[in-house]
Amino acid sequence: MTEAGTRQRKTDPPGPGDPSAEDGSPRRRRPVRWKAICVVLLVLALLGGLAWVLLGSRLLVVRNVEVTGSELAPRDRIVATAGIRLGVPMARLGTGAVRDRVERLREVESASVERRWPATIRIVVRERVPVVSVERGGRHYQLDRHGVAVADTPSRPPGLPTLSAAAPGPTDAATLAALDVLRRLPDRLRGRVAGLEAPSPESVTLRLSDGLTVVWGPAERSAEKIRLVDALRRTAAGRSARTIDVSSPEVVTTR
């Protein structure tokens with residue numbers, strides 16, 4: 001063979017079956033595809049295992065229910081109302097539905113439900129706070145700032161002022177006006193209120209523990225009325241008065 005033929009053979013490109021074929025040949029691409037397939041299968045297996053642990057296994061299920069923030073509502077009643085079935089997978093529990101059921105309790109103003117992994121559900125309760133009591137049918141009902149009955153007892157609860165209204169409740173305008181007046185009072189005055197009368201939203205009257213009656217009128221202009229009461233109580237006429245009428249701040253009268 002000539003020297004030119006030898007050089008020709010050495011420089012010929014490798015054929016399709018040549019092991020020295022360049023990258024991108026079918027033989028080189030096949031291992032890359034198998035690696036990608038193996039990675040995908042591994043990821044799918046991991047996701048499937050995780051889903052089984054969360055949703056189908058007995059490893060992460062509800063075993064305990066905790067309740068915090070409850071004083072008026074008994075813990076057992078909150079748990080029963082929540083309707084949480086022990087043994088249900090933690091991830092499957094509908095926390096929103098549990099919250100809605102707990103918030104139907106009259107003592108509860110709001111609630112939140114938390115997952116405490118691996119096996120505990122915590123119910124955090126914010127209870128309604130009684131601010132007045134109302135007597136009806138021989139029972140004393142405690143109303144919160146929205147006029148919702150929180151609890152009832154056979155005797156008057158100590159420490160709460162009484163409310164007299166025609167139809168006390170969360171939809172009664174006179175009740176809401178009286179509660180609004182009470183809410184706006186400063187602590188030094190609110191703590192002395194023994195009773196409220198609200199025959200109408202425009203005719204709220206306060207009965208103080210020292211015997212003074214304050215004819216308040218509507219809830220509007222409360223800040224101005226508070227200043228007038230404080231100023232009158234610092235005068236001799238105000239200290240001796242049994243009734244102060246600030247329903248019309250422009251014309252204040254005492255009796």
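Shown above is the structure to which this text applies.
Conventions used here
- Residues numbered from 1 in each chain as written.
- Predicted model: local features only at pLDDT ≥ 70, side-chain atom pairs only at ≥ 80, totals over all residues.
- Heavy atoms only, no water.
- Pairing = 2+ DSSP bridges.
- Helix = DSSP H or I, 4+ residues; strand = E, 2+ residues; numbered from the N terminus.
- Phe/Tyr/Trp six-rings, centres within 6.5 Å; stacked < 30°, edge-to-face > 60°.
- Lys NZ or Arg CZ within 6 Å of the ring centre and 35° of its normal.
- Salt bridge = Lys/Arg side-chain N within 4 Å of Asp/Glu carboxyl O.
- Buried < 20%, exposed > 50% of the residue type's maximum accessible area, 1.4 Å probe, protein only.
- Axes fitted to C-alpha atoms, helices over the stretch in contact; angles between N-to-C directions.
- Contact = heavy atoms within 4.5 Å.
- Parallel < 35°, antiparallel > 145°, perpendicular 65-115°, else oblique.
- Left-handed = near helix turned anticlockwise from the far one by under 90°.
- Lys, Arg positive; Asp, Glu negative; His and termini not counted.

S.K.: Please clarify how the pairing of strand 3 (residues 120-127) should be interpreted in this entry.
M.R.: Across a regular strand the side chains alternate sides, sitting on one face of the sheet and then on the other. As paired elements, strand 1 (residues 64-68) and strand 3 share five bridges and run parallel to each other. Within the sheet, the bridge partner assigned to Thr 68 lies in strand 3 and is Val 124. Alignment of strand 2 (residues 108-116) against strand 3, held across eight bridges, turns out to be antiparallel. Across the sheet, the residue bridging to Glu 114 is Arg 122, located in strand 3. Hairpin geometry of strand 2 and strand 3 is characterised by an intervening segment of three residues between the two adjacent antiparallel strands.

S.K.: Explanation requested: the packing of aromatic side chains in the structure shown.
M.R.: Aromatic rings in a pair are described by how distant their centres are and how their planes are angled relative to each other. Enumeration over the complete set of coordinates arrives at zero aromatic pairs. Across from the ring centre of Tyr 141, 4.7 Å away, lies the NZ or CZ of Arg 136, which sits over that ring.

S.K.: What am I meant to see in the pattern of salt bridges here?
M.R.: Pairing between side chains becomes possible if they bear opposite charge and their charged atoms approach one another. On inspection of all chains with the given rule, the structure shows 18 salt bridges. Where Asp 152 meets Arg 139, a salt bridge forms, and the shortest distance between an N and an O atom there is 2.6 Å. With a gap of 13 residues between them, Asp 152 in strand 6 (residues 149-153) and Arg 139 in strand 5 (residues 139-143) connect regions that are remote in the sequence. Residue class for Asp 152 comes out partly exposed when judged on its relative accessible area of 23%. Asp 230 is the partner of Arg 188 in a salt bridge, and the nearest nitrogen-oxygen pair spans 2.2 Å. Placement of the pair is Arg 188 in helix 6 (residues 187-190) and Asp 230 in helix 7 (residues 222-233), with a sequence separation of 42 residues.

S.K.: What is the right way to read the sheet that holds strand 2 from this model?
M.R.: Backbone hydrogen bonds hold the strands of a sheet together, and the pairing may be parallel or antiparallel. Taken together, the three strands give an open sheet; going across it, the order is 1-3-2, and neighbouring strands pair in mixed fashion. Looking at which strands have only one partner, the edges of the open sheet turn out to be strand 1 and strand 2. Between one strand axis and the next, the sheet turns through 20° on average, direction left out of account. Along the sheet face, helix 4 (residues 95-102) touches strand 2 and strand 3 and points at about 150° away from the line of strand 2.

S.K.: Please clarify how unusual backbone geometry should be interpreted in this entry.
M.R.: Negative phi is the rule for most residues except glycine; trans is the rule for most peptide bonds. That bond from Trp 117 to Pro 118 is cis: its omega, 15°, falls within 30 degrees of zero. Looking at the element boundaries, Pro 118 is found in the loop between strand 2 and strand 3. Backbone geometry at Arg 221 places phi at a positive 60°, although glycine is not the residue there. Assignment of secondary structure puts Arg 221 in the loop between strand 10 (213-217) and helix 7. The class for Arg 221 is partly exposed, based on a relative accessible area of 39%.

S.K.: Just to check I follow, could you spell out the packing of helix 3 (residues 75-82) against helix 4 for this structure?
M.R.: Each pair of packed helices can be summarised by the angle the axes make with each other and by the distance between the axes. For the pair helix 3 and helix 4, the least separation of the axes is 8 Å and the interaxial angle reads 130°. The angle between helix 3 and helix 4 falls in the class oblique. When the axes of helix 3 and helix 4 are compared, the crossing they make is right-handed. Of the residues in helix 4, those in contact with Ile 78, Thr 81 and Ala 82 of helix 3 are Val 98, Arg 101 and Val 102.

S.K.: What exactly am I supposed to notice about the side chain of Lys 225 here?
M.R.: Tracing the sequence through the fold places Lys 225 in helix 7. Nearest to the buried, unbridged Lys 225 among oppositely charged side chains is Glu 220, at 6.0 Å. Every residue in contact with Lys 225, bar those within four places of it in the chain, is listed here: Trp 216, Gly 217, Pro 218, Glu 220, Val 246, Ser 247 and Pro 249.

S.K.: Sorry if this is basic, but what is going on with the environment of Ala 174 here?
M.R.: With respect to the helices, strands and loops of the structure, Ala 174 is situated in helix 5 (residues 173-184). Along the sequence, Ala 174 and Ala 198 sit 24 residues apart, while their C-alpha atoms lie 5.6 Å from each other. In contact with Ala 174, not counting residues within four places along its chain, are Ala 198, Pro 199, Ser 200 and Pro 201.

None of the figures reported here should be taken as evidence of function without further support.
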